[in-house]
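Residues per chain, in single letters:
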Amino acid sequence: MQDPPDHTSILKLTLASASLVWYAILWSLGILGCIAARRRYRIRPRSPLASAPASSVPGVSILRPLKGLDTNLYENLESTFTQEYSNYEIFFCVDDEDDQALTVVRDLMAKYPSVHAHIAIRNGATVGVNPKVNNLMSAYHQAANDILWVLDSNVMVDPGTLARSVDILSPPPNAPNPPRCRIGVVHHVPYAWVTKHSLGSRVEEAFLNTNHAKMYIAINTVAVDSCVVGKSCLYRKSDLERVDGSLKPIPNAENGGCQPGERGLAAFGRFLAEDNMIASALWHELGLRHDLSCDVAKNAVGNMSLMDYIARRIRWVRVRKRMVLAATLVEPLTESVLAGCLASLGLRYLTGIPPWLFLPLHFLSWLFVDMDVFASLAGHPVPANMRWQFLAAWAARELMALPIWFMAIVGSEVEWRGKRYEVMQNGEVRRAGEGGGGITGWFLRWGRKAGDYYEPLEMQE
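Conventions adopted
Position numbers for residues start from 1 in each chain and track the written sequence from start to end. Where totals are concerned, whole chains, interfaces and linings use all residues; where local detail is concerned, this predicted model gives features only for residues with pLDDT of at least 70, and gives and counts side-chain atom pairs only at 80 or more. The basis for every side-chain value is the complete set of non-hydrogen atoms in the structure, without hydrogens or water. Strands are runs of DSSP state E lasting at least 2 residues, helices are runs of H or I lasting at least 4, and numbering of each runs from the N terminus. Buried residues are those whose accessible area, probed at 1.4 Å on protein chains only, stays under 20% of the maximum for their type, while exposed residues exceed 50% and partly exposed ones sit between those limits. Working rule for contacts: check all heavy atoms of both residues, and any pair within 4.5 Å makes them a contact. Calculation of accessible area relied on Shrake-Rupley with a 1.4 Å probe; when residues are assessed, cover is drawn exclusively from the protein chains displayed. We treat Lys and Arg as the positive residues and Asp and Glu as the negative residues; His and chain ends play no part in the count. A charged residue contributes its charge at one atom only: NZ of Lys, CZ of Arg, CG of Asp or CD of Glu. Planes of paired rings set the category: under 30 degrees apart is stacked, over 60 is edge-to-face and the rest tilted, where pairs are Phe, Tyr or Trp rings (Trp by its six-membered ring) whose centres lie within 6.5 Å. By definition, being over a ring means that NZ of Lys or CZ of Arg is both within 6 Å of the ring centre and within 35 degrees of the ring normal. Following DSSP output, two strands are said to pair if at least two bridges run between them. Helix axes are fitted only over the stretch in contact, all axes being lines through C-alpha atoms; the angle between N-to-C directions runs from 0 to 180 degrees.

Asks: Which parts of the structure should I look at to understand the overall build of the chain?
Replies: On a plain count of helices and strands, the chain comes out with 14 helices and eleven strands. Over its C-alpha atoms, taken along the principal directions, the chain stretches across nearly 85 × 60 × 50 Å. Put simply, the chain has 461 residues, and 54% of those count as buried. Looking at the chain alone, contacts between residues at least 24 apart form 80% of all its contacts between residues at least 6 apart. When the accessible surface of the chain is totalled, it reaches about 20,900 Å², and 60% of it is carbon and sulfur. Between the centroid of the 46 positive side chains of the chain and the centroid of its 45 negative side chains there is a distance of 4 Å.

Here it is in structure tokens:
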């Protein structure tokens, strides 16, 4: 007579097996991201459009929202004046005539008189709670071209970025390997570079240039759904004018159908992450797809404190929680610390290999892949004189990921540009009260600088 099954043993076996299967999936994504980064970013060919006459290339309107004096603002804005492309205009979007960024803008306009550059003043026009969308609306209506390149003020790009991006968004009829679906968005992976060597800045650099980039590139390579960080995005105004952010497919989209009611950029003023929602709307409502170019969006990171980094991560976890709940709940299991610990327990149960032997190999391998991704994006390895600082920041980021997630997952209020918002269903936001946000709000304000280091830095009188 056989003994009855031991349900505890079956459960342990199932969990141990599941932990190793999940670990294998994570490594598959990590290696995919590493290989894709090598193939895409280590060689950046010059586009034929870079030397083509204006009459033979699509026109592009570049929209740059500004507010105050960003870190590296002059060089960031100058990078759009020096694009190797013959048919584009630039709009610098500000709230009012007194914005401090306008001094930099006017200097650059005088330096490059042949570039069609304009200043677009908001003058109080409001379409929603998102200040960036409100800022962009005047330029959006004035833009002369269908292709829009929305580029954040803290981003610097290489001279060939626009030509290579248009190559993808509007490929020539005889292009080799045309995409199966029309490309609706071309975006650029964020790449952080530090201008002031504070702890928070270093941790942000280590995060964006390794784990974030690796998973971002891998997910976009698999391309099962929209995944866009909108630091630098190209899309068509004619496509945007057909969608409303509902993510409901348009029945006759192929024949020019559009959503009823309010559409276009104004419809996305109710979202905090309008860039992600625009990309998702073009994907789900019109059936378009996205692609990365071989360029990066270089983010200048100023004197960011560690608390600034934590507050920023909490803000975007809370936004993602309302937009993609399942992915946000799974996020801790994708981090090296928790994934490695679970895999080590499963491996010990199934094979007897002790965690003290497995975990060092796990972290070294994870670090090796992350450093390779960094080298692909940067075009060089981490400089030798900064290597130990970078490794310490990388380790700090990995150790803080789970505590930050726990702090973020229990709340819905975020602070952005000095204002508090409540994140609601599908990522929509409304202004929150002026209260402190409880213990978490007090903790996040403690130790922070005056500005958010991916937002404009406003000087006080």
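Asks: Would you mind showing me how to read helix α2 (residues 73-81) here?
Replies: Think of an α-helix as turning once every 3.6 residues; residues three or four places apart then point the same way. Within α2, seven of the nine residues are buried, which leaves it mostly tucked inside the rest of the structure. Buried within α2 we find L73, N76, L77, E78, S79, T80 and F81. Buried residues along α2 sit in contact with β1 (60-65), β2 (88-94), α3 (101-111), β3 (116-121), β4 (147-151) and β5 (155-156).

Asks: Is there a simple way to think about the side chain of S198 in this case?
Replies: Note on placement: S198 falls in the loop between β6 (183-194) and α6 (199-222). When sequence neighbours within four positions are dropped, the list of residues in contact with S198 reads G302, N303 and M304.

Asks: I would appreciate a short explanation of the packing of aromatic side chains in the present structure.
Replies: A ring pair, where both rings are aromatic, is described by two values, the distance of the centres and the angle of the planes. The tally for this structure, following the rule as stated, stands at nine aromatic pairs. Ring geometry for F81 against F92: centres 5.7 Å apart, planes inclined by 20°, an arrangement best described as stacked. Here F92 lies in strand β2 and F81 lies in helix α2, a separation of eleven residues in the sequence. Judged by its relative accessible area of 4%, F81 falls in the buried class. Among the aromatic residues, ring-to-ring pairing joins Y23, W27, F358 and W366 into one connected group. Sitting above the plane of the W283 ring, R289 keeps its charged end 4.0 Å from the centroid. The cationic tip of R431 hangs over the ring face of Y421; the distance from NZ or CZ to the ring centre is 5.8 Å.

Asks: Just to check I follow, could you spell out the sheet that holds strand β11 (residues 429-431) for this structure?
Replies: Spatially, the three strands line up as an open sheet ordered β9-β10-β11, and their pairing is antiparallel. For this open sheet the edge positions go to β9 (413-416) and β11, each flanked by a neighbour on one side alone. Put simply, the sheet's adjacent strands are angled 40° from each other on average, direction ignored. Strand direction decides the pairing type here: β9 and strand β10 (residues 419-423), joined by four bridges, are antiparallel. Opposite W416, over in β10, you have K419 as the bridge partner. Along the sheet face, helix α9 (residues 306-323) touches β9 and β10 and points at about 130° away from the line of β9.

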